[in-house]
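# A closer look at the structure
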Amino acid sequence: MTRDWWKHMILIIGAIIVIAPFYMMVSYSFKSPGEIDRGEGGFFGRQELMVDERCVKLRDPNRDEIAAAAPNYPGQSDNEIREAIIAEAEADCSMRPVVFNYSKAFTEAPLIRYLMNGVIVTASIFLIQIVVALPAAYALAKLKFWGREAVFGLVLFCLLIPVHAIALPLYIMLAKIGLTNTYAALVVPWTISVFGIFLMRQFFMTVPDDLIDTARMDGMSEMAIVWRVMLPTAIPALLAFAIFSVVAHWNDYFWPRIVVTGNRDLFTPPLGLREFKGDGDGSFFGPMMATATVIVTPLIVAFLLAQRRFIEGITLSGMK
Amino acid sequence: MAVVEAPLAAAARTTDAEVQQVRTAWWLTAPALGLMFLILLVPVMVACVLSFTDYSLGNPGFNWVGVDNYDKLFNRSTYEKMFIATFTYVVTVVPISVALGLGAALLINSVGRLGDLYKTIYFLPVMATLLAMAIAWEFMLHPSIGMVNRGLEMTCGTVLEVIPFIANGCADRFPLWLGDRDYAIWVVCFIGIWQGFGFNMVLYLAGLTAVHRELYHAAEMDGAKSGWDRFWLVTWPALGPTTVFVVTISCIRAFQVFDTIEAFWPQGGGPNKSAYVMMFAIFEKGIQQNLIGIGSAITMLFLVFVMFLTLIQRWLVERKVHYG
């Protein structure tokens, strides 16, 4: 241990640099604008009550409202009534910075909707990828047919093409058939995972033929074999692939940025955050970092809970 | 007669079954094949064709312009900047993130159980939404209220001021980072390394578990006394296949850098276009400015680079960079 102190030194310095932006993101999501500006308040900020100026401004009474409220304040001038109402509004609008930041994150933009979109898109991508890739992988691994080598060769060739690289022609094709700004546009380019086919094929190669022969003897159709025999044997590989796929598409920014323009109903979480940044003035650092924290948290928590599986899934692409 | 017939019938049955199997096989692969053509191969061909035209979305037709688009790519200063930015990024990020990944893996492997904690921490950036982290970094690097410059200011008046960089910063001001064309691309590189080295680390950790312990003993017998000698004699060659893979995948990922650039500079690709990388150029020219011909030409070049890299990798793997 004492001999290793320098290793720990290096590793700890590395860890500090790696964690710094996470620390800052979460810390800012707790702090008031003033604390962020002045760089004070430690990690959690002082959590002093703060007044939400916008909220107060919204409740600034006009002449009619003052007239309507007059009976409640007998014997006071309009100005006094106005001040009383504003004081009341200020009392109602004051809250702890952490509450302010997170409530703003969810109310300024439809963050829940964005998160739902993220879930819908990543889930549909994964399901379709599996529905398309599993039968193909099974055929390539276990069925003998003329052209099998050619098909597999094509799979190997397609592994060379990153979907992000061909985003422009894909976008043109989708625009031509009028599919931009739809869920379909977000999902379609990812429905074919050549990598998934390759991976599942490699896995199926290790499944003993006897298992399949027995199933055939029992009169199962090939389709049934894929879903009722092969699928259950492939659960570990599938889980790893699921993690790989979900992480990639939850975090993807490039493709949604291209096919979703303006229609907020279709925004995925990264697009929502981007929009927040676009129209945010300086005082909105807190809510923005709260949004960022909300978006990053699900995967980080899942990762911390099931580290082994995640690391397996992400490094899957390292399999030969 | 009957004796001869039986095997024949059996043969007929098997051919029937085989025909059946071929048919099912095609049915099972058909959706995947169809999508592969539509989503991967057709777009490549479309990009190839359009790169020789002046097409724009919304126009009824287009003109063939020959190699004009490619000509522009190689002769205009904007695109020269694009190539410089892209290659600077790739050439910086790939070696450093691979080296850091390997270094971290070796250190973690040698410190025992505590190593798992570091592994978890170093892997966090791989999981996190890059766009969110880019925004976090942007705040860290904010010239006046960012943590980085605040931290640097605290070193003023201490012994650290002997470092010229710090001395200059204290005398005048510390860099604007993202707003400074001398720093912008390096900041982006730094974030690329920050995000990617944990991924390389876990690949190397997986590679290290496959190195046989006896090899180290054998190396020691042969006179490799220092850890350094043993590393070059045993570990490095045994990690050959891992390294080939890690370098290729890092290159491909580095070529695709986009999120950080777009988050920092939604317009124009950085101060003086110093961070105008290829993916951003495709996005800006092809999608935003609707100059599809030139965007397609960049796409084609991009594909050539990526395919070239992957083919080199496959060639290296086939030659068996495997001594362990």
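Below: a short report on this structure.

How each quantity is defined
Residues numbered from 1 in each chain as written. Chains lettered and ligands numbered in written order. Predicted model: local features only at pLDDT ≥ 70, side-chain atom pairs only at ≥ 80, totals over all residues. Heavy atoms only, no water. Helix = DSSP H or I, 4+ residues; strand = E, 2+ residues; numbered from the N terminus. Rg over C-alpha atoms; globule rule 2.2 N^0.38 Å. Contact = heavy atoms within 4.5 Å. Lys, Arg positive; Asp, Glu negative; His and termini not counted. Charge placed at Lys NZ, Arg CZ, Asp CG, Glu CD. Buried < 20%, exposed > 50% of the residue type's maximum accessible area, 1.4 Å probe, protein only. Areas by Shrake-Rupley, 256 points an atom, 1.4 Å probe, with all protein chains shown as cover. Axes fitted to C-alpha atoms, helices over the stretch in contact; angles between N-to-C directions. Parallel < 35°, antiparallel > 145°, perpendicular 65-115°, else oblique. Nonpolar A, V, L, I, M, F, W, Y, C, P; charged D, E, K, R; others polar. Polar contact = N/O pair within 3.5 Å; in protein donor to acceptor, adjacent residues only side chain to side chain. Expected span 1.5 Å × (residues − 1). Phe/Tyr/Trp six-rings, centres within 6.5 Å; stacked < 30°, edge-to-face > 60°. Lys NZ or Arg CZ within 6 Å of the ring centre and 35° of its normal. Core = buried A, V, L, I, M, F, W, Y, C linked by side-chain atoms within 4.5 Å. 1 Å grid on protein atoms, 1.4 Å probe; cavity = no way out; pocket = protein on both sides within 12 Å on 5 of 7 lines; lining within 4 Å. Points joined across faces, edges and corners; volume = space filled by probe spheres on them. Buried area = accessible area lost by both parts, 1.4 Å probe. Salt bridge = Lys/Arg side-chain N within 4 Å of Asp/Glu carboxyl O.

## Here we look at the overall build of chain A
Helix and strand counts for chain A come out as 18 helices and two strands. Expected size for 320 residues packed as a compact globule is a radius of gyration near 20 Å; at 28 Å, chain A overshoots this value by more than 25%. The principal-axis extents of the C-alpha atoms in chain A amount to approximately 95 × 65 × 40 Å. For chain A, contacts bridging at least 24 residues in sequence account for 74% of all contacts bridging at least 6. Charge separation in chain A, taken as the distance between the mean sites of 27 positive and 29 negative side-chain charges, equals 11 Å.

## Focus on the overall build of chain B
Within chain B, the regular secondary structure consists of 14 helices and zero strands. The order of α-helices and β-strands along chain B, N terminus first, is α-α-α-α-α-α-α-α-α-α-α-α-α-α. Over its C-alpha trace chain B gives a radius of gyration of 27 Å, far above what one expects of a compact globule, namely 20 Å for 324 residues. Buried residues in chain B amount to 52% of all 324 residues. Just so you have it, chain B exposes about 15500 Å², and 65% of that area is on carbon and sulfur atoms. Charge centroids of chain B, computed over 19 positive and 22 negative side chains, lie 2 Å from each other.

## Quick look at the packing of helix H14 (residues 235-251) of chain A against helix H17 (residues 285-305) of chain A
Residue and element names in this part refer to chain A. For the pair H14 and H17, interaxial distance at closest approach is 11 Å and the crossing angle is 175°. In this view, H14 runs roughly antiparallel relative to H17, as classed from their interaxial angle. Every residue of H17 that contacts H14 at Val 246, Val 247, Trp 250 and Asn 251 is listed here: Ile 295, Pro 298 and Leu 299. Here the residues of the contact of H14 with H17 are counted per class, giving six nonpolar, one polar and no charged.

## Observations regarding the side chain of Thr 92 of chain B
All names here are of chain B. Inspection of the secondary structure assignment puts Thr 92 in helix H3 (residues 77-110). Look at Thr 92 and you get buried, because its relative accessible area is 15%. Within the structure, the side chain of Thr 92 is placed 2.4 Å from the backbone oxygen of Thr 88, a separation counted as a polar contact. For Thr 92, the contacting residues outside a window of four places in its chain are Phe 87, Trp 186, Cys 189 and Ile 193.

## Quick word on the environment of Ala 242 of chain A
Considering the arrangement of structural elements, one finds Ala 242 of chain A in helix H14. When the C-alpha atoms of Ala 242 of chain A and Phe 126 of chain A are compared, they prove to be 6.7 Å apart, with 116 residues separating the residues in sequence.

## Regarding unusual backbone geometry
The phi dihedral of Trp 177 of chain B is positive, around 55°, even though this residue is not glycine. Judged by its relative accessible area of 12%, Trp 177 of chain B falls in the buried class.

## Overview of H14 of chain A
The first and last C-alpha atoms of H14 of chain A sit 24 Å apart over 17 residues, in line with the 24 Å expected at 1.5 Å per residue. Taken together, the buried positions of H14 of chain A are Ala 237, Leu 238, Ala 240, Phe 241, Ala 242, Ile 243, Ser 245, Val 247, His 249, Trp 250 and Asn 251 of chain A.

## Overview of the packing of aromatic side chains
Any pair of aromatic rings gets described here by the distance separating the centres and the angle formed by the planes. For the structure shown, the criterion picks out 43 aromatic pairs over all chains. Between Trp 137 of chain B and Trp 194 of chain B, the aromatic rings sit 5.6 Å apart at their centres with planes inclined by 90°, giving edge-to-face as the arrangement. Of the two residues, Trp 137 of chain B is situated in helix H5 (residues 130-140) and Trp 194 of chain B in helix H8 (residues 184-209); the sequence distance between them amounts to 57 residues. For Trp 137 of chain B, a relative accessible area of 4% corresponds to the buried category. Taking relative accessible area as the criterion, Trp 194 of chain B reaches 3% and is therefore assigned buried. Ring pairing ties together the aromatic residues Tyr 253 and Phe 254 of chain A together with Phe 258, Tyr 276, Phe 280 and Phe 283 of chain B, which thus form one cluster. Between Arg 201 of chain A and the ring centre of Phe 152 of chain A, over which it is positioned, the NZ or CZ distance is 3.8 Å. The ring of Tyr 276 of chain B carries the charged tip of Lys 273 of chain B above its face, separated from the ring centre by 4.2 Å.

## Some words on the nonpolar core
Ranked by internal contacts, the top residues of the largest apolar core, which has 209 residues, are Phe 204 of chain A together with Leu 40 and Tyr 122 of chain B. Apart from residues no more than four positions distant in its own chain, Tyr 122 of chain B is found in contact with Ile 10, Leu 11, Gly 14, Ala 15 and Val 18 of chain A together with Ala 104, Ile 108, Phe 197, Gly 198 and Met 201 of chain B. Ile 66, Ala 69, Tyr 73 and Ile 81 of chain A belong to the second largest nonpolar core, which has five residues in total.

## Some remarks on empty space enclosed by the protein
Sizing a probe to match a water molecule and rolling it over the atoms shows the empty space that remains. All names here are of chain A. Following the criterion strictly, the structure yields one cavity of 30 Å³ or more and no others. Roughly 60 Å³ of volume is contained in the largest cavity. Around the largest cavity, the lining residues are Val 121, Ile 125, Leu 186, Trp 190, His 249, Asp 252, Trp 255, Pro 256 and Thr 268. Sorting the residues of the lining of the largest cavity by element identifies helix H7 (111-142) and helix H15 (254-259) as the ones contributing at least two each. Taken together, the residues that form the lining of the largest cavity break down as six nonpolar, two polar and one charged.

## Notes on the interface of chain A and chain B
Taken together, the contacts link 95 residues of chain A with 86 residues of chain B. Buried surface at the junction of chain A and chain B, both sides included, amounts to about 8000 Å², of which 80% is carbon and sulfur. By the criterion of area lost to chain B, the three top residues of chain A are Leu 11, Leu 160 and Leu 168 of chain A, representing 9% of everything that side buries. Taken together, the links from chain A to chain B amount to two salt bridges. Of the charged contacts in the structure, one is a salt bridge between Arg 274 of chain A and Glu 262 of chain B, with a shortest N-O distance of 3.0 Å. On inspection of chain A and its partner chain B, the count reaches 16 residue pairs in polar contact (both at pLDDT 80 or more). Ranked by residues supplied to the side of chain A that touches chain B, first place goes to helix H1 (residues 5-28) of chain A with 18 residues. Taken together, the residues of the side of chain A that touches chain B sort by class into 72 nonpolar, 11 polar and 12 charged.

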